[in-house]
Amino acid sequence: MKTQYKWNILACLAILATLNVSVFAASAASGAANPTPAGSGASVVGKVKFTGQVPQPAKLSMNADPTCAKLHPGPAMSQEFVTGSDNTLGNVIVFISDGLAGRTFDVPAEAITFEQKGCEYAPHVVALRANQKLKMVNSDNTTHNIHPLPANNREWNKAEPAGTTMEESFPREEIAIPVKCNVHPWMKSYVAVFKHPYFAVTAKDGSFQLPNLPPGEYTVEAWHEKLGTMTQKITVAAGETKALDFTFKVH
Ligand SMILES: [Cu+2]
């Protein structure tokens with residue numbers, strides 16, 4: 001198995017990658033988070049984990065806006081490191097980063113919802129397709145601001161009054177665009193934009209599925225906002241399900 005690493009070291013976190021690939025004879029996984037073409041049949045499924053110690057989630061002070069502070073009886077916590085039992089890791093985007101050249105995919109008509117609630121962005125990491133609508137909902141009783149800082153798309157910066165909804169989209173692939181609220185400095189998120197449907201964002205159980213892949217050889221990448229990226233190569237035959245785990249090693 002040929003393996004590639006990309007490094008993205010932040011602060012004093014040094015990351016190594018431990019790889020674990022196996023094949024099993026399960027039927028194709030279902031439950032895709034985004035529509036994929038029917039009839040292609042191959043799947044990559046797995047878990048994202050970490051070894052070592054990730055930082056304790058930081059407490060977010062919302063005292064600058066009493067409306068926000070009142071929404072949290074206890075401290076709100078940073079979503080940078082969301083972990084589950086057995087060292088599983090959430091808020092990781094797992095996606096096909098190479099192997100789909102020449103294929104095009106219809107953009108889903110449905111919007112992806114990106115909410116501002118409790119003066120936090122939800123979800124913290126959101127993924128959608130290029131040119132798919134991002135429906136931004138302000139569920140709070142205070143004005144928010146959505147300010148993406150893209151490298152490969154147009155930058156914009158919009159205030160959003162309490163209780164309102166806006167729509168925007170990003171035309172070009174970019175993994176991932178940092179988003180901030182200019183009103184509330186603790187509000188941060190990432191929006192990942194894909195030109196294909198083969199991506200997933202892990203919940204805290206770390207699991208992901210990339211179903212309905214055409215048979216082929218792919219590079220699969222895992223992205224975490226602080227731990228950087230890891231890549232692995234994998235080949236899937238028609239109808240085959242392969243397991244592929246990622247382990248971020250944190251020192
Ligand atoms: Cu805000």
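Before any of the text, the structure's been laid out above.
Throughout what follows, the structure given in this document is the object of discussion. (Residues numbered from 1 in each chain as written. Predicted model: local features only at pLDDT ≥ 70, side-chain atom pairs only at ≥ 80, totals over all residues. Heavy atoms only, no water.)

Here we look at the pattern of salt bridges
Going through the model one piece at a time under the given rule, you end up with 4 salt bridges. A salt bridge links glutamate 80 to lysine 226, with the nearest nitrogen and oxygen atoms 3.8 Å apart. Here glutamate 80 is found in the loop between β5 (76-77) and β6 (83-84), whereas its partner lysine 226 is found in the loop between β20 (216-224) and β21 (228-236), with 146 residues between them in sequence. When its relative accessible area of 25% is taken as the criterion, glutamate 80 is described as partly exposed. We note a salt bridge from lysine 158 to glutamate 168, for which the minimum N-O separation is 2.9 Å. Of the two residues, lysine 158 sits in strand β14 (residues 158-160) while glutamate 168 sits in strand β15 (residues 165-168), which places them 10 residues apart along the sequence. (Salt bridge = Lys/Arg side-chain N within 4 Å of Asp/Glu carboxyl O. Helix = DSSP H or I, 4+ residues; strand = E, 2+ residues; numbered from the N terminus. Buried < 20%, exposed > 50% of the residue type's maximum accessible area, 1.4 Å probe, protein only.)

Concerning the sheet that holds strand β12 (residues 134-138)
The strands making up a sheet associate through hydrogen bonds between their backbones, and the pairing can be parallel or antiparallel. One open sheet holds the 4 strands; their spatial order is β10-β9-β12-β15, and the pairing between them is mixed. The two strands at the open ends of the sheet, each matched to only one other strand, are β10 (120-122) and β15. Within the sheet, the average angular offset between the axes of one strand and its neighbour, ignoring direction, is 20 degrees. Relative to β15, β12 is paired through 4 bridges, and the arrangement is antiparallel. Within β15, the position partnered with methionine 136 by the bridge is methionine 166. (Pairing = 2+ DSSP bridges. Axes fitted to C-alpha atoms, helices over the stretch in contact; angles between N-to-C directions.)

Thoughts on the coordination of the copper ion
Taken together, His144 (ND1), Cys181 (SG), His184 (ND1) and Met187 (SD) make up the full set of protein donors to the copper ion, lying 2.1 to 2.5 Å away. Coordination at the copper ion is irregular: its 4 donor atoms span angles of 93 to 140 degrees at the metal. Positions of the donor residues of the copper ion along the chain correspond to the pattern H-x36-C-x2-H-x2-M. On the accessibility criterion, histidine 184 (1% relative accessible area) is buried. Given the relative accessible area of 1%, methionine 187 is considered buried. (Donors = N, O, S within 2.8 Å, 3.2 Å for Na, K, Ca; no water. Tetrahedral: all angles 85-135°; square planar, octahedral: opposite > 155°, others 65-115°.)

Brief notes about the state of the cysteines
Within the structure shown, the criterion is met by 1 disulfide. Cysteine 68 shares a disulfide with cysteine 119; S-S distance 2.0 Å. The sign of the S-S torsion, about -70 degrees, decides the handedness of the disulfide formed by cysteine 68 and cysteine 119: left-handed. You can see cysteine 68 sitting in helix α1 (residues 66-69) and its partner cysteine 119 sitting in the loop between β9 (112-117) and β10, a full 51 residues away along the chain. For the pair cysteine 68 and cysteine 119, one class covers both residues: buried. (Disulfide = S-S within 2.5 Å.)

Looking at the pairing of strand β17 (residues 188-194)
Among the 7 residues in β17, 6 count as buried, and that is most of the element. Summarising the sheet, strand β11 (residues 125-129) and β17 pair through 5 bridges and their orientation is parallel. Residue valine 126 lies in a different strand from β17, and its bridge partner there is valine 191. Across 5 bridges, strand β16 (residues 174-180) lies against β17 in antiparallel orientation. Within β17, the residue paired with lysine 180 across the bridge is lysine 188.

Some thoughts on the sheet that holds β17
Ordered in space as β11-β17-β16-β13-β14, the 5 strands form an open sheet in which the pairing is mixed. Looking along the sheet, the strands with just one partner apiece sit at the ends: β11 and β14. For this sheet, the mean inter-axis angle between neighbouring strands, taken without regard to orientation, is 30 degrees. Inspection of the sheet shows strand β13 (residues 144-148) paired to β16 by 2 bridges, in the antiparallel sense. Looking across to β16, one finds that proline 148 is bridged to valine 179.

Here's the deal with unusual backbone geometry
Here the residue pair alanine 122 and proline 123 is connected by a cis peptide bond, since its omega of 0 degrees sits within 30 degrees of zero. As for its position among the elements, proline 123 is in the loop between β10 and β11. The omega torsion of the bond from isoleucine 175 to alanine 176 falls at 0 degrees, within 30 degrees of zero and hence cis. Tracing the backbone through its elements, the reader meets alanine 176 in strand β16.

Brief notes about the nonpolar core
In this structure, Val94, Leu210, Phe246 and Phe248 are the most contacted members of the largest nonpolar core, which totals 28 residues. Elements with a contribution of two residues or more to this core: β3 (42-52), β8 (93-98), β19 (207-213), β20, β21 and β22 (241-250). Core analysis: the second largest hydrophobic core is formed by 23 residues, Phe114, Cys119, Ala130 and Met166 among them. (Core = buried A, V, L, I, M, F, W, Y, C linked by side-chain atoms within 4.5 Å.)

Purely spatial values, then, with no claim about function.
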